[in-house]
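Structural characterization, general
The primary structure of each chain is shown beneath.
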Amino acid sequence: FIICALLIILLSYFFKENTILVELDKVFSNRLRLGNVAISKYGFSWFGQSIVLTGTTYGVSQKLQPSYTYIDSSYVQMIVKFGIIMLTFVCVGFRKILKTAINTNTLFLCASLVAIAVQGILDPQLFFLGYNPFLLMLGTIFLSEGAVSK
């Protein structure tokens, strides 16, 4: 999760027209450009900020595209809307869950977490409970550590 987050945030942050990243952005369906616009407009903060994301629905004409401000990457959306601390908490939490899954040889959980981490690069659903029920595990990983240390 940490690698995926750093990868897309750095690619979005350093995205510039007329660079090799433009070709990569085409593969990513303009997600680097959209991430760069959001980062340029709102920046990063420790605790996040209230922003309104506007998107389009299927069938809407191309005329409405200039007002499209949705951030399609889960990691970029998380750092811009909820801040550096929340993104760090979530990524470290998922890293702990993945490490536990590896140590207990739970291969299905490992594969699921890796797939979700990669999907979060290009889709905004990583932090939506309906799409990622593994979010519930974040609370249990920190609670179980506290119970063990007592």
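Residues numbered from 1 in each chain as written. Predicted model: local features only at pLDDT ≥ 70, side-chain atom pairs only at ≥ 80, totals over all residues. Heavy atoms only, no water.

Counting 40 residues, the largest nonpolar core has F1, I9, Y75, L87, F94 and L113 as the members making the most contacts within it. Looking at this core, the elements that each hand over two or more residues are helix 1 (2-13), helix 2 (20-27), helix 3 (31-42), helix 4 (74-81), helix 5 (83-103), helix 6 (107-122) and helix 7 (136-149). Per element, the largest residue contribution to this core is seven residues, and it comes from helix 5. Dropping the residues within four chain positions of it, F1 is found in contact with Y75, C91, F94, L113, I116, A117 and L126. (Core = buried A, V, L, I, M, F, W, Y, C linked by side-chain atoms within 4.5 Å. Buried < 20%, exposed > 50% of the residue type's maximum accessible area, 1.4 Å probe, protein only. Helix = DSSP H or I, 4+ residues; strand = E, 2+ residues; numbered from the N terminus. Contact = heavy atoms within 4.5 Å.)

Our focus in this paragraph is helix 5. The end-to-end C-alpha separation of helix 5 is 30 Å, in line with the 30 Å expected for 21 residues at 1.5 Å each. Of all the residues in helix 5, the buried ones are G83, L87, V90, C91, G93, F94, I97, L98 and A101. Angularly, the buried residues of helix 5 cover 160° about the axis, an arc narrow enough to put them on a single face. Away from the buried face of helix 5 by more than 90 degrees, exposed residues I102 and N103 are located. (Expected span 1.5 Å × (residues − 1). Arc of directions from axis to C-beta.)

On to the packing of helix 1 against helix 4. Where helix 1 meets helix 4, the closest approach of the two axes is 8 Å, and the angle between their N-to-C directions is 75°. The angle between the axes of helix 1 and helix 4 places the two elements in the roughly perpendicular class. Contact residues: C4, A5, I8, I9 and S12 in helix 1; Y75, V76 and I79 in helix 4. Residue classes in the contact of helix 1 with helix 4 are distributed as seven nonpolar, one polar and no charged. (Axes fitted to C-alpha atoms, helices over the stretch in contact; angles between N-to-C directions. Parallel < 35°, antiparallel > 145°, perpendicular 65-115°, else oblique. Nonpolar A, V, L, I, M, F, W, Y, C, P; charged D, E, K, R; others polar.)

Attention now moves to the packing of aromatic side chains. Any pair of aromatic rings gets described here by the distance separating the centres and the angle formed by the planes. Going through the model one piece at a time under the given rule, you end up with five aromatic pairs. Linked through ring pairs, Y13, F14 and F44 together constitute an aromatic cluster. (Phe/Tyr/Trp six-rings, centres within 6.5 Å; stacked < 30°, edge-to-face > 60°.)

Another aspect to go through is the packing of helix 4 against helix 5. Contact geometry for helix 4 and helix 5: axes closest at 6 Å, N-to-C directions at 135°. Here helix 5 runs oblique to helix 4, going by the angle between their axes. Of the residues in helix 5, those in contact with Y75, M78, I79 and K81 of helix 4 are G83, I84, M86, L87, V90 and C91. In the contact of helix 4 with helix 5, the residues fall into eight nonpolar, one polar and one charged.

It is worth spelling out helix 4 at this point. Here helix 4 lies mainly inside the structure; seven of its eight residues are buried. Three or more residues of helix 4 are buried, namely S74, Y75, V76, Q77, M78, I79 and V80. Backbone geometry just downstream of helix 4 places G83 in the positive-phi region, at approximately 95°.

Opposite charge on two side chains lets them pair, provided their charged atoms get close. Inspection of every chain in the model, using the stated rule, returns two salt bridges. Notably, a salt bridge pairs K26 with E23, separated by 3.3 Å at the nearest N-O pair. Pair noted here: K26 and E23 are both in helix 2, with a separation of three residues, about one helical turn. Looking at K26, the relative accessible area reads 55%, which means it is exposed. (Salt bridge = Lys/Arg side-chain N within 4 Å of Asp/Glu carboxyl O.)

Excluding glycine, a negative phi dihedral is what most residues carry, and trans is how most peptide bonds are arranged. We note that S29 has phi near 55°; this positive angle belongs to a residue other than glycine. Within the fold, S29 resides in the loop between helix 2 and helix 3. You can call S29 partly exposed: its relative accessible area is 44%. The residue N105 is not glycine, and still its phi comes out positive at about 60°. Considering the arrangement of structural elements, one finds N105 in the loop between helix 5 and helix 6. Of the residues examined, N105 reaches a relative accessible area of 57% and is grouped as exposed.

Read these as layout, nothing more, since geometry by itself doesn't imply function.
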